[in-house]
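Report on the structure
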Amino acid sequence: MPLGIPILVAAVATTIGILSTTNRLLSEHHLRQTNILKFQPDKFQGANKHTRYFEGWYYKFVSQPIIVMDEQDTSSSSPSSILANIKNGSSFSMAVVPGIFHSDESTSNESHAFIFVTLNGEQQHYYRFDIDQFTYAKANEEYYIQVGNNRFTRDGVSLDLSPRDDNIDNDAELILRGELTFSNSSPWPVSLLYLGAMGPVGWMPGLECTHGILSFDHELSGNITLTTTASNKKSSTEIISMNGGRGYTEKDFGRSFPSLWVWIQTNNFRNNPGTSLFVSIARIPTPFFRLEFPGFTAAIWHQGDLIPFATWSGATFDDLRISKEEVYISMTSSKRGGLWGRKKKSRHYRVEISVNRRNVPEVLLYAPVNFTRMEPFVWEALQATVHLRLLDDRGNVIIDDRGDYAGLEVHGNKVQWLVDNLCGRKTANHLICL
């Protein structure tokens, strides 16, 4: 072994040891104030990436029970098609995903910026922009990204979306405008060794896809205006109040999505406002001989505390079942990684998650395909229902509640591989989980 390698390792270990003696230098606030993008996961990570790269921010909004402030139908007095499937007393849910895609320059000229929008998990609209219409905050600036006239910050979003007549690749039939303000955002904490949702795995070079939670939950205020423009549909406009609604923000960046994954998210629990659940289970390719490993990261945000359930936090799977009717998960956290937040108690936690998939509408979302193009091929629901039970190590029930308007993705024809190969299973062909 070259002498320089152990010397470098010793130097890094010594540096970490020295830093560890000074809490101020290792505080999350200090790390986020550096110009190191690893500690600023909300910011654009791909400034030096110009081929085979994507980055997208997922903004989810759910209103209070719907309040239509104004309605105009230019062709008749019939109800608007935008809200036609929403029952009285139900909420309006939507996701807005701005991002950028760089194709493989040697085989494709499909590089572009984009924003896609889903409404209630039933409609999808994809807006294409030229690359130079995507701008972003530098490492020493406050976070923002801007795509065309649409701006996204930590404190809110400003939306001004219309189909482009000059772009035949546009897959949008909706005019969307609005200003939303966020309050009491709750990002996944970062530290020197734990990079948010990815934990120490986030330091691994060459990952195919990196995931981040920018806010588990925040309160919304403002209005959204939606106008249909399809020539074969009745034109209508709806102004939807988002005051008092809940928001959630995450992101992904890298070369492409994994081949298999399960994703669950809701922060609309009936008896626990502000509580948020996030689960991601995937088959993860690595740069090491193209080996793939199962991995999972999940968390519950509850009353200002974060309870992580991840491989890197020492959590274990007790059960995972996936069918067309239900996704069922049970996990146990480790004592050392049991609770982050104000209480900081060392306890085991057990979580049981059941997601009802019966008669839940889904819509195809765009995602990068073969480094050549963005294509609709990921089915996502925004109206699933989650039954969540959280228990401490004494068997005390902390949460027993149902979360509505849950996002759910079960992607891949061989998703059973995830069930069979999670660490601890007798059927697992891998000794390592990421």
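Within the chain, the regular secondary structure consists of four helices and 23 strands. Within the chain, buried positions represent 54% of all 434 residues. Sequence separation of 24 or more characterises 64% of the internal contacts of the chain that already satisfy a separation of 6 or more. Surface exposure of the chain reaches about 20,000 Å², of which carbon and sulfur atoms provide 51%.

Our next topic: the packing of aromatic side chains. Following the criterion strictly, the structure yields 23 aromatic pairs and no others. Consider the rings of Tyr-59 and Phe-152, whose centres lie 5.2 Å apart with planes at 40 degrees: the pair is tilted. Here Tyr-59, found in strand β1 (residues 53–65), pairs with Phe-152, found in strand β8 (residues 150–153); they are 93 residues apart in sequence, far enough to count as distant. What makes Phe-152 buried here is its relative accessible area of 0%. Members of the aromatic cluster, joined through ring pairs, are Trp-188, Tyr-194, Phe-216, Phe-278, Trp-301 and Trp-312. Between the NZ or CZ atom of Lys-138 and the centre of the ring of Tyr-136, over which it lies, the distance is 4.9 Å. Note that Arg-151 overlies the ring of Tyr-144, its terminal NZ or CZ placed 4.0 Å from the centroid.

The subject of this paragraph is unusual backbone geometry. Despite not being glycine, Asn-359 has its phi angle at roughly 55 degrees, a positive value. Mapped onto the elements, Asn-359 comes out in the loop between β20 (349–356) and β21 (363–369). One non-glycine residue with positive phi stands out, namely Phe-371, at about 65 degrees. Tracing the sequence through the fold places Phe-371 in the loop between β21 and β22 (373–392).

Turning to the confidence of the model for the chain, a few remarks are in order. The predicted model of the chain has a mean per-residue pLDDT of 85, with 81% of residues at 70 or higher. In the model, residues 3–23 has pLDDT below 50 throughout and makes seven contacts with residues more than four positions away in sequence or in other chains. Below pLDDT 50 for its whole length, residues 69–79 participates in 22 contacts with residues either more than four positions away or in separate chains.

With that out of the way, let us pick up the pattern of salt bridges. Going through the model one piece at a time under the given rule, you end up with 15 salt bridges. The closest approach of N and O atoms between Arg-350 and Glu-352, which form a salt bridge, is 3.2 Å. The closest approach of N and O atoms between Glu-352 and Arg-389, which form a salt bridge, is 3.2 Å. With Glu-352 in strand β20 and Arg-389 in strand β22, this residue pair connects regions lying 37 residues apart in the sequence. Salt bridges linked by common partners bring Asp-318, Arg-350, Glu-352, Arg-389 and Asp-400 together as one network.

Let us now look at the pairing of β20. Within β20, six of the eight residues are buried, which leaves it mostly tucked inside the rest of the structure. Here seven bridges tie strand β19 (residues 326–332) to β20, and the two strands are oriented antiparallel to one another. Among the inter-strand pairings, Thr-332 is bridged to a residue of β20, identified as Arg-350. Bridging between β20 and β22 involves eight bridges; their strand directions are antiparallel. Residue pairing across strands places Ser-354 opposite His-387, the latter belonging to β22.

So, about the nonpolar core. Counting 38 residues, the largest nonpolar core has Ile-264, Ile-281, Phe-309, Ile-329 and Ile-353 as the members making the most contacts within it. Examining the composition of this core, we find that five residues originate from one element, β22, more than from any other. Residue contacts for Ile-264: discarding those within four places in its chain leaves Leu-277, Phe-278, Val-279, Val-327, Ile-329, Val-355, Val-386, Gly-407 and Leu-408. Counting 37 residues, the second largest nonpolar core, distinct from the first, contains Phe-61, Met-94, Leu-119 and Tyr-127.

Within the secondary structure, Asn-268 is located in the loop between β14 (261–266) and β15 (276–285). Among all residues touching Asn-268, those that are not within four sequence positions of it are Val-62, Arg-246, Thr-275, Arg-402, Gly-403, Asp-404 and Tyr-405.

Relative to the assigned elements, Met-374 resides in strand β22. Along the primary structure Met-374 and Phe-54 are separated by 320 residues, whereas in three dimensions their C-alpha atoms are 9.6 Å apart. When near neighbours in sequence (up to four residues on either side) are disregarded, Met-374 contacts Phe-101, His-112, Phe-114, Tyr-126, Tyr-366, Ala-367 and Pro-368.

Okay, the pairing of β22 next. The pairing of β21 with β22 spans seven bridges and is antiparallel. Looking across to β22, one finds that Val-369 is bridged to Arg-373. The loop that links β21 with its antiparallel partner β22 comprises three residues; one of these, Asn-370, has a positive phi angle of about 55 degrees. Pairing geometry for β22 and strand β23 (residues 397–411), over eight bridges, is antiparallel. The residue bridging His-387 from the neighbouring strand is Arg-402, located in β23. Taken together, β22 and the strand that follows it, β23, pair antiparallel across an intervening segment of four residues, in which Gly-395 is found at a positive phi of about 85 degrees.

Once that is clear, we can look at the environment of Arg-402. Of note, Arg-402 is situated in strand β23. Overall, Arg-402 belongs to the partly exposed group, its relative accessible area being 39%. Remark: the alpha-carbon pair of Arg-402 and Arg-389, spanning 13 residues in sequence, is separated by 8.9 Å. Discounting chain neighbours no more than four positions away, the residues touching Arg-402 are Asn-268, Phe-269, Arg-270, Thr-385, Val-386 and His-387.

The rules behind the values
- Residues numbered from 1 in each chain as written.
- Predicted model: local features only at pLDDT ≥ 70, side-chain atom pairs only at ≥ 80, totals over all residues.
- Heavy atoms only, no water.
- Helix = DSSP H or I, 4+ residues; strand = E, 2+ residues; numbered from the N terminus.
- Buried < 20%, exposed > 50% of the residue type's maximum accessible area, 1.4 Å probe, protein only.
- Contact = heavy atoms within 4.5 Å.
- Areas by Shrake-Rupley, 256 points an atom, 1.4 Å probe, with all protein chains shown as cover.
- Phe/Tyr/Trp six-rings, centres within 6.5 Å; stacked < 30°, edge-to-face > 60°.
- Lys NZ or Arg CZ within 6 Å of the ring centre and 35° of its normal.
- pLDDT = per-residue confidence, 0-100.
- Salt bridge = Lys/Arg side-chain N within 4 Å of Asp/Glu carboxyl O.
- Pairing = 2+ DSSP bridges.
- Core = buried A, V, L, I, M, F, W, Y, C linked by side-chain atoms within 4.5 Å.

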